[in-house]
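Understanding the architecture of this molecule
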Amino acid sequence: LRCHFLGMCLIDDKRVHDARIYFLRALRTIPRDHPFDSVFVDFMLSYEEVNDMKQARRISQWAIDSGSTIWCDKYQRPGFITSYANGKAYLCKTDPGYPVWAKELKKRFSVIQGEFLHLVNPHNRLGRPTACKENCNANNHPSHWPKVGGSHRQSGRDDDKVVSRGDWRELVLFGNGARENIAPQTQKIIERYCPDAVSLCNSGGGEIIFSVLAPHTHISAHCASTNIRLTAHLGLAVPSHRNNKRCAIRVRDSWYTWAEGEFIIFDDSFEHEVINETDEFRAVLLIRFWHPSIPLDKRNATIQDILVEREETEKARFVPPLPERFLYAEERGMGNSVCPSCSQTATSQIRMKTPLVHDSNVNDYVFICKCGSEMH
């Protein structure tokens, strides 16, 4: 545990190579009856975040072979996972779980595409989009839209880290950072036919956006942080003059291409990357929706469990593991004890004072809350 904690400290200090030494030491010394999933996750991320996918897959396969319960496929490496959700990396129209609303949005594609093109260039009249090959050129790239990972929304602030080159822009229709009536016709269509997607957005588990990838842009391979959702891409503007240059998405170990008015549906907890080598931009309506394997009555509990686990994981980065006789101090550091006077938890309010007796064999420490109350 101490090796794992030190490894996390070294990661925060940008000493990645040194951190890996301690992650490896932790995995080699931790008792097999002790939870070790989080060590594998941090060890794997130290490679995934520098785009060393080969090594990230090796570590995830090692975790699987060691009996880890977090992963079952070396290409699917979310940090937070629910056992309810399982299935394929890519969904075909005949697969169970393929959304019934896909055909309804396809019927209304011209409305959605027209509204999108008007937002890209207001000179495009609503309801009468010009040929996409004229709208997709680099000059029409919506550089006035917010960048992915920008300050326009509280979640997804690190999403821009996966952009290895180029530019990625978005307009949020539902979810954190959404702009009311920014695309009123499209938003009404989604509210009517995609309640699962809107529900996920309202719970904080996803978003629905117009997503635009500039020419010559590459989104590096990565995995989403959880497997509670699926992602749908409805092609809105797809480069037509490719000249043997790629514009495609890889999900797991297979490549797929977009088509206007057609869907690509995949599980983004699997490794995926996107490339646009052409001179035109690529645009999709991106829809996150609940994984169909999660029972309706389990959705709220599932996302709450993940939020709690994420909070506990974050706290653990700042509370060093202590000897068993100081377990009460660790519990307070993790916020698992409450001030009897003001009911605040340790993380925000409670600090440890100097020990009453300077003797390593004495456990008598005093904690004090910001309200002034002492806790023994």
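The structure presented is a predicted model; accordingly, all values stated were derived computationally and were not measured.

Some thoughts on the sheet that holds strand β10 (residues 272-276)
- Spatially, five strands are ordered β2-β5-β10-β7-β8 in an open sheet, and the strand pairing comes out antiparallel. The outermost strands of the open sheet, each flanked by one partner alone, are β2 (163-165) and β8 (254-256). Going across the sheet, the axis of each strand differs from the next one's by a mean of 25°, ignoring polarity.
- As paired elements, β2 and strand β5 (residues 217-222) share two bridges and run antiparallel to each other. Counterpart to V163 in the pairing with β5 is I219.

As for the pattern of salt bridges
- Following the criterion strictly, the structure yields 21 salt bridges and no others.
- The partner of R246 in a salt bridge is E277, and the shortest N-O contact between them spans 3.5 Å. Taken together, the positions of R246 in the loop between β6 (229-237) and β7 (247-251) and E277 in the loop between β10 and β11 (282-290) put the pair 31 residues apart, joining distant regions of the chain.
- Residue D268 pairs with R288 through a salt bridge whose shortest N-O separation is 2.8 Å. Here R288 lies in strand β11 and D268 lies in the loop between β9 (263-266) and β10, a separation of 20 residues in the sequence. Each member of the pair, D268 together with R288, is buried.
- Put simply, E48, R57, R77, R250, E271 and E273 are held in one network by salt bridges that share partners.

Some thoughts on the packing of helix α6 (residues 109-120) against helix α8 (residues 184-193)
- Look at α6 against α8: their axes get within 8 Å of each other, and the N-to-C directions meet at 140°. Classed by the angle they form, the pair α6 and α8 counts as oblique. Judged by the twist between their axes, the crossing of α6 over α8 is left-handed. When α6 is examined against α8, the residues V111, I112 and E115 are found in contact with a partner set consisting of P184, Q185, T186 and I189.

A few points about the side chain of S60
- By the secondary structure assignment, S60 is in helix α4 (residues 53-65).
- Separated by 2.9 Å, the side chain of S60 and the backbone oxygen of R57 make a polar contact.

Notes on the nonpolar core
- Of all hydrophobic cores here, the largest spans 39 residues; its most connected members are W101, L105, F116, F210, F263 and L285.
- Here this core gets six residues from one element, more than from any other, and that element is α6.

Let's talk about the packing of aromatic side chains
- This structure, assessed with the given rule, holds nine aromatic pairs.
- Arranged with centres 5.2 Å apart and planes meeting at 85°, the rings of F40 and W62 form a pair that is edge-to-face. Taken together, the residues F40 in helix α3 (residues 37-48) and W62 in helix α4 connect sequence positions 22 residues apart.
- We classify W62 as partly exposed; its relative accessible area is 30%.
- Aromatic side chains F116 and W145 sit 5.9 Å apart centroid to centroid with 85° between the ring planes, which places their arrangement in the edge-to-face category. Taken as a pair, F116 in helix α6 and W145 in the loop between α7 (132-135) and β2 lie far apart in primary sequence, 29 residues in all.
- Classification of W145 by relative accessible area gives buried; the value is 4%.
- Cluster of aromatic residues (ring-pair linked, three or more members): F23, F43 and Y47.

Details of the pairing of β5
- Of all the six residues making up β5, six are buried; the element is thus mostly covered by neighbouring parts of the structure.
- For β5 and β10, the ladder comprises four bridges, and the chain directions are antiparallel. Residue pairing across strands places H222 opposite H272, the latter belonging to β10.

Here we look at the environment of C3
- Position of C3 relative to the elements: it lies in helix α1 (residues 2-12).
- Put simply, C3 and R20 are 17 residues apart on the chain and 10.0 Å apart in space, counted from C-alpha to C-alpha.
- What C3 contacts, discounting residues up to four positions off in sequence, is Y22, R25 and A26.

A closer look at the pairing of β11
- Most of β11 sits inside the fold, with nine of its nine residues counted as buried.
- Where strand β4 (residues 208-213) lies against β11, six bridges are found, and the strand directions are antiparallel. Following the sheet pairing, I209 is matched in β11 by L286.
- Pairing of β6 with β11, which is carried by eight bridges, proceeds in the antiparallel orientation. When the sheet's bridge partners are listed, L234 is paired in β11 with L285.

Regarding the sheet that holds strand β1 (residues 90-91)
- Across the sheet, six strands lie side by side as β1-β9-β6-β11-β4-β3; this open sheet has antiparallel pairing. The sheet is open, and its two edges are formed by β1 and β3 (168-174), each paired on a single side.
- Pairing analysis gives four bridges linking β6 to β9, with the strands arranged antiparallel. Residue pairing in the sheet places L234 in a bridge with F263 of β9.
- With respect to the sheet, α6 is in contact with β3, β4, β6 and β11, its orientation differing from that of β6 by roughly 75°.

The rules we used
- Residues numbered from 1 in each chain as written.
- Predicted model: local features only at pLDDT ≥ 70, side-chain atom pairs only at ≥ 80, totals over all residues.
- Heavy atoms only, no water.
- Pairing = 2+ DSSP bridges.
- Helix = DSSP H or I, 4+ residues; strand = E, 2+ residues; numbered from the N terminus.
- Axes fitted to C-alpha atoms, helices over the stretch in contact; angles between N-to-C directions.
- Salt bridge = Lys/Arg side-chain N within 4 Å of Asp/Glu carboxyl O.
- Buried < 20%, exposed > 50% of the residue type's maximum accessible area, 1.4 Å probe, protein only.
- Parallel < 35°, antiparallel > 145°, perpendicular 65-115°, else oblique.
- Left-handed = near helix turned anticlockwise from the far one by under 90°.
- Contact = heavy atoms within 4.5 Å.
- Polar contact = N/O pair within 3.5 Å; in protein donor to acceptor, adjacent residues only side chain to side chain.
- Core = buried A, V, L, I, M, F, W, Y, C linked by side-chain atoms within 4.5 Å.
- Phe/Tyr/Trp six-rings, centres within 6.5 Å; stacked < 30°, edge-to-face > 60°.

Interpretation in functional terms is not warranted from these geometric data alone.
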